[in-house]
Amino acid sequence: MPIYAYRCEACGFAKDVLQKISDPQLTVCPECGKDSFKKQLTAAGFQLKGSGWYVTDFRGGTPPATGVSSPSGAIASSAPAKSEAPAAAPAAAAAPSSTTKGD
């Protein structure tokens, strides 16, 4: 059952009430007895928790770093460093195929 926040416009009394969705709204203030007890619009109070959900997910800013975390806590990237020479192309890809159909 949801919890609704009510506030009296006459005396300022505020109360959170546990009600079914189908229950009628309260209108009479339990503090002053006037017919000015109104339901307030409040923000949803929930957080997604568990594996795969984090408070920082879907916020603006920089995207998370890719790579694997090393034991020291630094991010290890799979990209080669700029000082390293690029890897040589595989010989099989560079050499033409010696077999042809119909031999």
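A short tour of the structure in this document, coming up. Just so we're clear, the structure is a prediction, and the values are computed from it rather than from any experiment.

Turning to the side chain of Gln-19, a few remarks are in order. With respect to the secondary-structure elements, Gln-19 resides in the loop between strand 2 (14-18) and strand 3 (37-39). At a separation of 3.2 Å, a polar atom in the side chain of Gln-19 contacts the main-chain carbonyl oxygen of Pro-24. Apart from residues no more than four positions distant in its own chain, Gln-19 is found in contact with Met-1, Pro-2, Tyr-4, Tyr-6, Pro-24 and Leu-26.

In any sheet, the strands associate via hydrogen bonds between backbone groups, in a parallel or an antiparallel arrangement. The strand order across the open sheet built from three strands is 2-1-3, with neighbouring strands paired in antiparallel fashion. This sheet does not close on itself; its edge strands, each paired only once, are strand 2 and strand 3. Here the average twist between neighbouring strands, direction ignored, is 35 degrees. The pairing of strand 1 (residues 3-8) with strand 2 spans five bridges and is antiparallel.

Time to look at the pairing of strand 1. Linking strand 1 back to strand 2 in an antiparallel pair, the connection comprises five residues, with Gly-12 at a positive phi of about 85 degrees. Of the pairings in the sheet, the one linking strand 1 to strand 3 comprises three bridges and is antiparallel in character. Note on strand 3: the bridge partner recorded for Cys-8 is Phe-37.

Among the surface-exposed residues, Met-1, Ile-3 and Leu-18 lie close enough to one another that they form a single nonpolar patch of about 360 Å² accessible area. With a relative accessible area of 59%, Ile-3 lands in the exposed category.

Rules used throughout
- Residues numbered from 1 in each chain as written.
- Predicted model: local features only at pLDDT ≥ 70, side-chain atom pairs only at ≥ 80, totals over all residues.
- Heavy atoms only, no water.
- Helix = DSSP H or I, 4+ residues; strand = E, 2+ residues; numbered from the N terminus.
- Polar contact = N/O pair within 3.5 Å; in protein donor to acceptor, adjacent residues only side chain to side chain.
- Contact = heavy atoms within 4.5 Å.
- Pairing = 2+ DSSP bridges.
- Axes fitted to C-alpha atoms, helices over the stretch in contact; angles between N-to-C directions.
- Patch = residues over 30% accessible without salt bridge, like charges linked within 9 Å, V, L, I, M, F, W, Y side chains within 5 Å.
- Areas by Shrake-Rupley, 256 points an atom, 1.4 Å probe, with all protein chains shown as cover.
- Salt bridge = Lys/Arg side-chain N within 4 Å of Asp/Glu carboxyl O.
- Buried < 20%, exposed > 50% of the residue type's maximum accessible area, 1.4 Å probe, protein only.

The values are spatial; any link to function lies outside them.
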